[in-house]
Amino acid sequence: MREGGWGSGRLLGMLETSARLLRLLSLLQAHREWTGADLAARLGVTPRTVRRDVDRLRELGYPVNASPGTGGGYQLGAGAELPPLLLDDDEAVAVAVGLRTAAGNGVEGIGEASVRALAKLEQVLPGRLRGRVSALNEFTVPMLRGPQRSTVDASVLTELASVCRDSELLRFGYRDHEGAVTRRTVEPHRLVCTERRWYLVAWDLEREDWRTFRADRIEPRPPHGPRFVPRPAPAEDLAAYVSRGVAQRAYAAQAVVRLRVSAEAARRTIGPVQGALEEIDADSCLLRTGAVSLDVLVIHLMLLGCEFEVVEPPELTDRIRDARDRLGRAVAVKET
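Here, residues in each chain are numbered from 1, in the same order as that chain's written sequence. Local features in this predicted model are restricted to residues of pLDDT 70 or higher, and side-chain atom pairs are both shown and tallied only at a pLDDT of 80 or more, whereas totals for entire chains, interfaces and linings draw on every residue. Only hydrogens and water are set aside; all other atoms, that is, all heavy atoms of the structure, feed into the side-chain values.

## Considering the packing of aromatic side chains
For this analysis, a ring pair means two rings from Phe, Tyr or Trp (six-membered ring only for Trp) whose centres lie within 6.5 Å, classed as stacked if their planes differ by under 30 degrees, edge-to-face if by over 60, and tilted for the remaining angles. Applying the stated rule across the entire model yields four aromatic pairs. Ring centres of Tyr 174 and Phe 213 lie 5.0 Å apart, and the angle between their planes is 80 degrees; this geometry places the pair in the edge-to-face category. Taken together, the residues Tyr 174 in strand S3 (residues 170-175) and Phe 213 in strand S6 (residues 209-214) connect sequence positions 39 residues apart. Of the two residues, Tyr 174 and Phe 213, both sit in the buried class. Ring-pair connections join several aromatic residues into one group, and the members of that group are Phe 172, Tyr 174 and Phe 213. Helix and strand assignments come from DSSP, with helices taken as H or I runs of at least 4 residues and strands as E runs of at least 2, each series counted from the N terminus. Residue exposure (1.4 Å probe, protein chains only): buried if accessible area is under 20% of the type maximum, exposed if over 50%, otherwise partly exposed.

## Focus on unusual backbone geometry
For the bond running from Pro 222 to Pro 223, omega is 10 degrees, close enough to zero to count as cis. One can find Pro 223 in the loop between strand S7 (218-220) and helix H8 (238-249). A positive phi angle, close to 50 degrees, is found at Glu 208, a residue other than glycine. Its location among the elements puts Glu 208 in the loop between strand S5 (198-204) and S6.

## Quick word on the pairing of strand S8 (residues 253-259)
Burial analysis of S8 places five of its seven residues in the buried class, the great majority of the element. Strand pairing is assigned whenever DSSP detects at least two bridges linking the two strands. In the sheet, S8 pairs with strand S10 (residues 284-291) via seven bridges, with the strands oriented antiparallel. Following the sheet pairing, Ala 253 is matched in S10 by Ala 291. By the bridge criterion, four bridges tie S8 to strand S11 (residues 308-312) in an arrangement that is antiparallel.

## Some details on the sheet that holds S6
The strand order across the open sheet built from five strands is S6-S5-S4-S3-S7, with neighbouring strands paired in antiparallel fashion. One side of each edge strand has no neighbouring strand; the edge strands of this open sheet are S6 and S7. Looking at each pair of strands side by side, their axes are set apart by 50 degrees on average, direction ignored. To get an axis, fit a line to the C-alpha atoms, keeping to the stretch in contact for a helix; angles then go from 0 to 180 degrees between the N-to-C directions.

## Side note on helix H3 (residues 47-59)
Since there are 3.6 residues in each turn of an α-helix, residues three or four apart along the chain are aligned in direction. By this rule the span expected of a helix is its residue count minus one, scaled by 1.5 Å. The end-to-end C-alpha distance of H3 is 19 Å, a good match for the 18 Å that 13 residues give at a rise of 1.5 Å each. Looking only at H3, the buried set comprises Thr 49, Val 50, Asp 53, Val 54 and Leu 57. Around the axis of H3, the buried residues are gathered within 140 degrees of arc, so they sit on the same side. Exposed residues lying more than 90 degrees from the buried face of H3 are Arg 48 and Glu 59. A positive backbone phi angle near 105 degrees is found at Gly 61, which sits one or two residues after H3. Taken from the helix axis, the directions to the C-beta atoms give the arc we talk about.

Limitation: the analysis is restricted to geometry and does not speak to function.
Take a look at the structure:
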């Protein structure tokens, strides 16, 4: 009985230790650096136990770096060997390539998760495997169906995800639609992805306001930092916030239109970069959209393929009448 009890207790202790090691590893992956005291508080153990657990992770192949002094702490770095509890070399390359493809192409539903996972994987990916992953990406040409997506370097996305996660100031060059580059320093908040593009929502320190940046136009200029205290988000629904920005505020001509279809049906053909939809009832919805001119808006609305009425501005209704008259004259000439 005594021996059996000791064996059960030992097994329980091993399970608790294993669970704590996984929790410790998760914490190390969540932030760039932790103090021993912070880790001990999170895990509910003593700093001495944290040191022992860090040593166990190192024995398993996880590259945990430690900096001495009162301001020092623990940091997960890239090691010479891939940790044996994760993946072998071939599996690691396959996963990294898959995550890069999903992140770079903005695959709906998994793009943001792909960037987070890739950021964690690249923290511990050995140099020899990074070379294999880079070669596969550099010498592979994807053939994508549908409209051309903007191309974003996956390393830029993971860098943006990291500074958002760690609340570090981000410095970068930003290209506008004409190619002119301005220098920006921002407090990065979140990455927002659509089917075709990635956007960074951030507080612009110089302009003292929230801004939305296209990720494919961002050229990071490290070093980044220092850390900052995150501000409250500019909106509860960041996806809708970015949609309004890219579909309306960026354009000179803006409009609100009532569509004679449900919001669910409208979303099948109207993406977030084309306009923001708001449900009215089961058979209609509001579309808030924009374009470079009212004439372009008329064409945009005609291509929606559904009945609609203009809520605002009244000038848009006048442009639609002008277009109707021109089309009528064109038909009349053809018929004669």
